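# Report on the structure
Below are the chains, spelled out letter by letter.
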Amino acid sequence: MKHFIKNLFRKNSGLTVEEQIRKKTFISFSLFGLLLAAGVIAWIWILHTPLDGGLQGGIHEPLRKVLNTNDKIFTGTFSENRTAKEYPKSEAATKARVNGNIGMSDDFDANSWKLYIIKKKGDTLALTLDDIKKLPKTEVVHNFKCIEGWNQITWWGGVRFSDFIRYYHLENEASLQYVGMKTPDEEYYVGIDMRSALQQQTILCYELNGKPLPMNQGYPLRLIIPVKYGIKNIKRIGTIFFDNEKPADYWAERGYDYYSGL
Ligand SMILES: Nc1nc2c(c(=O)[nH]1)N[C@H]1C(S)=C(S)[C@@H](COP(=O)(O)O)O[C@H]1N2
Ligand SMILES: [Mo]
C-alpha cells in the first residue's frame, strides 16, 4: 500500500507497466468519485435553498437565476422584426382546442364587462368591447403552442396592441419595461416584456375563425401573442397595467420560464 501511494508521485518512466496501469486506474476512479460527490453536494445544496414562488411553490432560487440569465440572453437578442410564421386561413383548425380555465369562473357577467386600463394610481380607463372594435382589425394565423406539448394552427382577429396603445395615448405607459394583464377575478395573470407586447403580431383578440370568441376561449377579449407559448395568451382580460418591475405571472410563480418566448 505504502509502495502504491509512493508510486502515485513517481514519474511513469520509473514504474513498471503494471504499476503505470494501476496508477492511471486509481487516478481516473478518484477523479470520477470527486466529481460525483461535488455534483451530489451541489444538488443537495440547491434543494435546501428557498423556493422563489413562496407559498405557491415555484423553483429553487439558484435555478431561477439560471432562467433569469436565459431571459437576459433572449431579450438581448430579440429583434422587433422577429415574427412568428403565419399560415393561410385554410390551414387553420376549424375546431380550436380549449385548454385552461383558471380565472374563467361561471358567475362571470359578460354584459357588465369592461376593460380597465390602469394608467396611474387613480387614473383608469374603462373601455367597452365597442371601444376596442372600432380600431382597425388585424388578423393572424399562426401555430399556437402549449408547453404541455400540443400545437395547432389557429386564426384570430383583434386589435394590434401597438395600435391600441397609440389610439388611447398610452405611449408613456408603454415606455415602461412590462405590461401586466389579469382576469376580472384576478385568478389568472401574466406579465409580458413590452417589446414582445408591442410586436406587430400581438393582438387584443375578440375573434376566432372570423366569429366572436367563444366563452371558454376568452370572450369578450383575450391576448394573442404569437411570439410566446400558450401560457402567456391570457383569456378573458379584465385589467391591463404597466410597470418597470416584472408583473406577477401565474405560471412563472409555479416554476415556468417568465419570458416563455418561442
Ligand atoms: N384565463 C386563462 N387564460 C389562459 C389559461 C387559463 O387557464 N386561464 N391557460 C393558458 C394556456 S396554458 C393555454 S395553452 C391557452 C389555451 O388557449 P385555448 O383554450 O384557446 O386553446 O390559454 C392560456 N390562457
Ligand atoms: Mo398551455
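Right above here is the structure, for reference.
Not measured: the values here are computed from a predicted model. (Residues numbered from 1 in each chain as written. Chains lettered and ligands numbered in written order. Predicted model: local features only at pLDDT ≥ 70, side-chain atom pairs only at ≥ 80, totals over all residues. Heavy atoms only, no water.)

## Describing the layout of surface pockets
Roughly 420 Å³ of internal volume is contained in the largest pocket. Per element, the largest residue contribution to the lining of the largest pocket is 3 residues, and it comes from strand β4 (residues 151-160). For the lining of the largest pocket, the per-class residue count stands at 13 nonpolar, 8 polar and 4 charged. (1 Å grid on protein atoms, 1.4 Å probe; cavity = no way out; pocket = protein on both sides within 12 Å on 5 of 7 lines; lining within 4 Å. Points joined across faces, edges and corners; volume = space filled by probe spheres on them. Helix = DSSP H or I, 4+ residues; strand = E, 2+ residues; numbered from the N terminus. Nonpolar A, V, L, I, M, F, W, Y, C, P; charged D, E, K, R; others polar.)

## Considerations on the sheet that holds strand β1 (residues 115-120)
Here 5 strands make up an open sheet; going across it, the order is β2-β1-β10-β5-β6 and the pairing mixed. Each edge of the sheet is formed by a strand with only one pairing partner; in this case those strands are β2 (123-127) and β6 (189-193). On average, each strand axis in the sheet is inclined to that of its neighbour by 20°, with strand direction left out of account. Note: strand β5 (residues 178-182) against β6, 5 bridges, orientation antiparallel. In the strand pairing of β6, Gly-180 is matched with Gly-191. (Pairing = 2+ DSSP bridges. Axes fitted to C-alpha atoms, helices over the stretch in contact; angles between N-to-C directions.)

## Examining helix α2 (residues 17-47)
Spanning 31 residues, α2 covers 45 Å between terminal C-alpha atoms, matching the ideal 45 Å at 1.5 Å per step. For α2, the complete set of buried residues consists of Glu-19, Lys-23 and Ile-46. (Expected span 1.5 Å × (residues − 1). Buried < 20%, exposed > 50% of the residue type's maximum accessible area, 1.4 Å probe, protein only.)

## So, unusual backbone geometry
That bond from Tyr-219 to Pro-220 is cis: its omega, 5°, falls within 30 degrees of zero. With respect to the helices and strands, Pro-220 occurs in the loop between β8 (211-212) and β9 (222-224). You will see that His-169, though not glycine, has its phi angle at about 50°, which is positive. Within the fold, His-169 resides in the loop between α5 (161-167) and α6 (171-174). Its relative accessible area of 62% is what places His-169 among the exposed residues. In this model, Glu-186 sits at a positive phi of 60°, which is unusual for a non-glycine residue. Relative to the assigned elements, Glu-186 resides in the loop between β5 and β6. According to the relative accessible area criterion, Glu-186 is partly exposed, its value standing at 45%.

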